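# Notes for the structure review
Now for the letters of each chain:
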Amino acid sequence: MKAFVVFLLSACLVSLARAQAPESETTMLGDGIYQFRYRAHNGFFVVTSEGIVAFDPISTTAAALYADEMKRVAPGVPLVAIIYSHDHADHATGANVLRAAFGGTIPVIAHENVVAKIEQTGSSDLPQPTMTFTDKLILHFGARRLELHYLGKSHSDNMIVALMPQEKIAFAVDFVSNDRVGFRELPDYYFPDFFEALSRLQGLDFERIAFGHGPPGDRAAIDRQLSYYYDLRAAVRRAVDDGLSEDQAAERVRLPAYREWTQYESWFPLNVRAIYRWMAEGN
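It should be emphasised that the depicted structure is a prediction, and the values quoted were computed from it without experimental measurement.

### Examining the pairing of strand β3 (residues 41-47)
Two faces, one strand: in a regular strand the side chains alternate between the faces of the sheet. Counting buried positions over the 7 residues of β3 gives 7, a clear majority of the element. Judged by which residues are buried, β3 turns out to be covered on both faces: His41, Gly43, Phe45 and Val47 on one side and Asn42, Phe44 and Val46 on the other are all buried. Here strand β2 (residues 33-38) pairs with β3 via 6 bridges, running antiparallel. Considered in β3, the bridge of Tyr38 is made with His41. Linking two consecutive strands that pair antiparallel, namely β2 and β3, is a turn of 2 residues; a positive phi of about 55° is found at Arg39 within it. Judged from the 4 bridges that link them, β3 and strand β4 (residues 52-55) form a sheet pairing that is antiparallel. Bridge pairing in β4 places Val46 opposite Val53.

Structure representation (structure tokens):
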């Protein structure tokens, strides 16, 4: 009975926190550099002397609020570029809403592999990029230098990371986060490329990093994330070598060091299943 009461109280507190949290908010990460949050998704924008550069419109609904926030933070400043971190609709949808809010033909920049993926969707709410690149793109907006890095396949085959090298601030979406396990059964994750992309991210020169979900972090957050996936891989390997089935591995494999991480109870067993299936293919 006592345990049930504690559970009920915890559930009520979580529901209350969600009810009190604003639907959207903007957080300053550095001089002219901001994270925009809509519900559980984050965008990222930079105010320069030439205009605003916005990453990930998120959705048509979010994009309308996103535009309002950019205008509030930088009144009268035009939007000069929209950048997709990757093709997934829950991050890239809504560029036309931003274009309509600011007027004019605003370029959309993305990795070259985005084109084929967006073509398959056929969605008018997810317009094709007008500029693409392969490995690295350096952009200058006044005194601001912005670098876009393709680190290889990770979560999608077109994920890019933004780096503001002078301010040492980065923006990375979905394939990393701040003390959160991977999303469910790691959909559209590429292994072993994913581990290589994480290592390349460590090689970029940043001190603070914003994510597609959750709060910002620092370099240590990326170190912890890489440790998590290495530990997960090793634990599942032991389960496979011991002859456990996928169901048995999902039930028995645990990493107590990460039990306080966001979504551990809900998603960790699904992470185990994803890595198990990858290993079952002979990896």
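Moving on from the model shown.
### Some details on helix α6 (residues 193-202)
When we look at burial in α6, the residues that qualify are Phe194, Phe195, Ala197, Leu198 and Leu201. For α6, the arc enclosing every buried residue in end-on projection is 160°, short of the 170-degree limit, so these residues lie on one face. Elements that come into contact with the buried residues of α6 comprise β10 (160-164), α7 (219-241) and α9 (264-280).

### What to know about the packing of aromatic side chains
Scanning the entire structure with this criterion turns up 22 aromatic pairs. Between Phe191 and Phe195, the aromatic rings sit 5.7 Å apart at their centres with planes inclined by 45°, giving tilted as the arrangement. Here Phe191 and Phe195 have matching classes, each one buried. Among the aromatic side chains, those forming a connected cluster through ring pairs are Tyr189, Phe191, Phe194, Phe195, Tyr228, Tyr229, Tyr230, Tyr258, Trp261, Tyr264, Phe268 and Trp278. Residue placement shows Arg233 over the ring face of Phe195; its charged tip is 4.2 Å from the ring centre.

### Some details on the environment of Leu198
Tracing the sequence through the fold places Leu198 in helix α6. Spatially, the C-alpha atom of Leu198 lies 28 Å from that of Thr130, the residues being 68 residues apart in sequence. With near-sequence residues (within four places) excluded, Leu198 lies in contact with Phe175, Val176, Leu226 and Tyr229.

### Quick look at the sheet that holds strand β8 (residues 136-141)
The strand order β8-β9-β10-β11-β12-β13 describes an open sheet built from 6 strands, whose pairing is mixed. Edge positions in the sheet fall to β8 and β13 (217-218), since each of these pairs with one other strand and no more. Inspection of the sheet shows strand β9 (residues 144-150) paired to β10 by 4 bridges, in the antiparallel sense. Looking across to β10, one finds that Glu147 is bridged to Leu163.

### With respect to the sheet that holds strand β1 (residues 24-30)
Across the sheet, 7 strands lie side by side as β1-β2-β3-β4-β5-β6-β7; this open sheet has mixed pairing. For this open sheet the edge positions go to β1 and β7 (131-133), each flanked by a neighbour on one side alone. Along the sheet, successive strands turn relative to each other by an average axial angle of 20°, direction set aside. Of the pairings in the sheet, the one linking β4 to strand β5 (residues 79-83) comprises 4 bridges and is parallel in character. Its bridge partner lying in β5, Val53 is registered against Ala81. Set on the sheet, helix α2 (residues 60-73) makes contact with β1, β2, β3, β4 and β5; between it and β2 the angle comes to about 145°. Set on the sheet, helix α4 (residues 95-102) makes contact with β4, β5 and β6 (108-111); between it and β5 the angle comes to about 180°.

Criteria and cut-off values
Residues numbered from 1 in each chain as written. Predicted model: local features only at pLDDT ≥ 70, side-chain atom pairs only at ≥ 80, totals over all residues. Heavy atoms only, no water. Buried < 20%, exposed > 50% of the residue type's maximum accessible area, 1.4 Å probe, protein only. Helix = DSSP H or I, 4+ residues; strand = E, 2+ residues; numbered from the N terminus. Pairing = 2+ DSSP bridges. Arc of directions from axis to C-beta. Contact = heavy atoms within 4.5 Å. Phe/Tyr/Trp six-rings, centres within 6.5 Å; stacked < 30°, edge-to-face > 60°. Lys NZ or Arg CZ within 6 Å of the ring centre and 35° of its normal. Axes fitted to C-alpha atoms, helices over the stretch in contact; angles between N-to-C directions.

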